[in-house]
Amino acid sequence: MHKEIYEIMHKDKVAAQINAQGHSTIFEPSFLPYDLYLEEEEDIDTLVNNVINFHCWCAARVLTLDREYAKEILNSIGMKQAVTDKERAEIALTYRCASLTDVYWVRRAGEQISFQEINLYENHLDRTFIDIALKGKQYTVQNEYLSRDLSTNGCFPKAWKREGRNFLLLKDGGNFAVERELLASKICRCFDVSQVFYEEGYFDGEKVSVSPNITSIDYAIASMEAVEIYCRNHDKNMKQYILQLDRYNYYMMNIIDYLTGNTDRHWGNWGVLVNNKDNKPVCLHPLMDFNKAFHAYDTLDGANCQTVFWESMTQKEAAVCAVKEIGLNQIAEVKQEIFMQLPQYYEMFRKRMEILRFAADD
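Residues numbered from 1 in each chain as written. Predicted model: local features only at pLDDT ≥ 70, side-chain atom pairs only at ≥ 80, totals over all residues. Heavy atoms only, no water.

Caption draft 1: Spatial organisation of the overall build of the protein. Within the protein one finds 11 helices and 11 strands. Counting the 362 residues in the protein, one finds 52% classified as buried. Accessible area of the protein: about 16500 Å², with a carbon and sulfur share of 47%. (Helix = DSSP H or I, 4+ residues; strand = E, 2+ residues; numbered from the N terminus. Buried < 20%, exposed > 50% of the residue type's maximum accessible area, 1.4 Å probe, protein only. Areas by Shrake-Rupley, 256 points an atom, 1.4 Å probe, with all protein chains shown as cover.)

Caption draft 2: Up close: the sheet that holds strand β10 (residues 271–275). Strand order across the open sheet formed by 3 strands is β9-β10-β11, with antiparallel pairing between neighbours. Two strands lie at the open edges of the sheet, namely β9 (219–223) and β11 (280–284), each paired on one side alone. Mean inter-strand twist for the sheet, computed between neighbouring axes without regard to direction, equals 40 degrees. Judged from the 5 bridges that link them, β9 and β10 form a sheet pairing that is antiparallel. By the bridge assignment for β10, Tyr 219 is matched with Asn 275. Docked against the sheet, helix α8 (residues 224–233) engages β9 and β10, running at close to 75 degrees with respect to β9. Against the sheet, helix α9 (residues 238–260) contacts β10 and β11, and its axis sits at roughly 30 degrees relative to β11. (Pairing = 2+ DSSP bridges. Axes fitted to C-alpha atoms, helices over the stretch in contact; angles between N-to-C directions. Contact = heavy atoms within 4.5 Å.)

Caption draft 3: Spatial organisation of the side chain of Asn 50. Following the sequence through the fold, Asn 50 ends up in helix α1 (residues 44–59). Assessed through its relative accessible area of 2%, Asn 50 is described here as buried. Side-chain polar atoms of Asn 50 contact the backbone oxygen of Gly 22, separated by 2.9 Å. The residues contacting Asn 50, other than those within four sequence positions of it, are Ile 18, Gly 22, Ser 24, Tyr 37, Leu 38 and Glu 39. (Polar contact = N/O pair within 3.5 Å; in protein donor to acceptor, adjacent residues only side chain to side chain.)

Caption draft 4: Layout of helix α7 (residues 175–188). Look at α7: 20 Å from first C-alpha to last across 14 residues, which is about the 20 Å you get at 1.5 Å a residue. For α7, the buried fraction is high: 11 of the 14 residues fall into the buried class. For α7, the set of buried residues is Ala 177, Val 178, Glu 179, Arg 180, Glu 181, Leu 182, Leu 183, Ala 184, Ser 185, Ile 187 and Cys 188. Against the buried residues of α7 lie β6 (166–171), β7 (199–203), β8 (206–212), α9 and α11 (346–361). (Expected span 1.5 Å × (residues − 1).)

Caption draft 5: Geometry of the packing of α9 against α11. Between α9 and α11, the least distance of the axes is 9 Å, while the angle of their chain directions is 145 degrees. The segment α9 lies against α11, with Ile 255, Tyr 258 and Leu 259 engaging Phe 349, Arg 352, Met 353, Ile 355 and Leu 356. Among the residues forming the contact of α9 with α11, the class breakdown is 7 nonpolar, no polar and 1 charged. (Nonpolar A, V, L, I, M, F, W, Y, C, P; charged D, E, K, R; others polar.)

Caption draft 6: Here's a closer look at helix α3 (residues 85–94). The set of residues buried in α3 consists of Arg 88, Ala 89, Ile 91, Ala 92 and Leu 93. Directly after α3, the chain includes Arg 96, whose backbone phi takes a positive value near 65 degrees.

Caption draft 7: Highlighting the nonpolar core. Within the largest apolar cluster, 63 residues are counted, with the highest numbers of intra-cluster contacts made by Phe 191, Tyr 250, Ile 255 and Leu 356. When contributions to this core are tallied by element, the ones reaching two or more residues are α7, β9, α8, α9, β10, α10 (315–326) and α11. Once residues lying within four places of it in the same chain are set aside, the contact partners of Leu 356 are Ile 255, Tyr 258, Leu 259, Ala 319, Val 320, Val 323 and Leu 328. One finds Tyr 6, Leu 38, Phe 54 and Cys 97 within the second-largest nonpolar core, a separate group that totals 21 residues. (Core = buried A, V, L, I, M, F, W, Y, C linked by side-chain atoms within 4.5 Å.)

Caption draft 8: Representation of the sheet that holds β8 in the model. Taken in spatial order, the 4 strands make up an open sheet running β5-β6-β8-β7, and their pairing is antiparallel. The sheet is open, and its two borders are formed by β5 (158–163) and β7, each paired with just one other strand. Between one strand axis and the next, the sheet turns by 40 degrees as a mean value, whatever way the strands run. Pairing geometry for β6 and β8, over 4 bridges, is antiparallel. Its bridge partner being in β8, Leu 170 is matched across the sheet by Val 210.

Caption draft 9: Spotlight on the side chain of Gln 17. By secondary structure assignment, the location of Gln 17 is in strand β2 (residues 13–18). Of the polar contacts made by the side chain of Gln 17, one reaches the side chain of Glu 7; its length is 3.1 Å. Those residues in contact with Gln 17, other than ones at most four positions away along the chain, are Ile 5, Tyr 6, Glu 7, His 23, Ser 24, Thr 25, Phe 27 and Ala 109.

Caption draft 10: Here's a closer look at the environment of Gln 244. One can find Gln 244 in helix α9. With 39 residues separating them along the chain, Gln 244 and Cys 283 place their C-alpha atoms 9.4 Å apart.

Caption draft 11: Looking closely at the packing of aromatic side chains. Scanning the model with the defined rule gives 15 aromatic pairs in all. Here the aromatic rings of Tyr 230 and Tyr 241 are separated by 6.2 Å at their centres, their planes lie at 55 degrees, and the arrangement is tilted. Pair noted here: Tyr 230 is in helix α8 and Tyr 241 is in helix α9, with a separation of 11 residues, a long-range link. Exposure remark for Tyr 230: the relative accessible area of 22% places this residue in the partly exposed category. Looking at Tyr 241, the relative accessible area reads 15%, which means it is buried. With a centroid separation of 5.4 Å and an interplanar angle of 45 degrees, the aromatic rings of Phe 339 and Phe 349 are classed as tilted. Residue Phe 339 is located in the loop between α10 and α11, and its partner Phe 349 is located in helix α11; the two are separated by 10 residues in the primary sequence. Among the residues examined, Phe 339 registers a relative accessible area of 2% and is labelled buried. Classification of Phe 349 by relative accessible area gives buried; the value is 3%. (Phe/Tyr/Trp six-rings, centres within 6.5 Å; stacked < 30°, edge-to-face > 60°.)

Take a look at the structure:
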């Protein structure tokens, strides 16, 4: 981190400042990022923690090296292949830590620049980035055109594509992964749950899944990783916090994940929808990310449930518990024909549905 003072911005509001030594000033505590904890004390431990926390927050806004084609992307924007949080933070700071998940960004104190000038919702993304992110192609381009889009997390090739004033997320990873996500989305639509719709699309002649961006200038998302940090630092009980916020969609998530065999519901794959007007959570954000669906799909129990973090449960146990709490909430028949591309999964899906119907009637 440079010696300059950095301002952590929420739109055009200065939420906090921090310098290279960790000295921080918090102007708007309620508008700090959920996953950034700073203190104004001057003892050495606090200063060191502030620097570490800032680096960690910035680093989370850039791609991780387990993402396919990450090295190619970094090479294409002329940056070294970052390993540490500090190095990843330096990359994120080159594009002011802007993201399509929220309205936070960073500027140096004294800079005369506004959110309107740098935010990704209203400014251009070069199409070349799509080629790099999805195909790993090498291009020589200016940093400012490409690096702004490095905040999409995950291990599958993905990229944002602008459609008018909106963005679509294109995800590759091979035909099998794409078909799994499309099938899971079709199943999900048969239930009353807040969800992202995944449609079939093509890029360079290869099938990809296409979904709309769920954030905007008005609404952001914060992952459960961020919410956990927020709760820990504000003495809040995580279980109570989630169930009070959106009990219904929390339980529906466990039902859908069991039915689709989704084993990838880690804390970066679910979280809360945040109203940017006051930075307060509204509900859980729509259910998304199913390209690892139908894993651990050879037994009725499924995998260990990742979302019931206060006790150990299988996905089956979590889903049965959820049905007993809120019902099954099926709104349409799940027809066998939607399994046409992946027929091997139909019988296990049918058996899992029987278990949940029995629990709903019990």
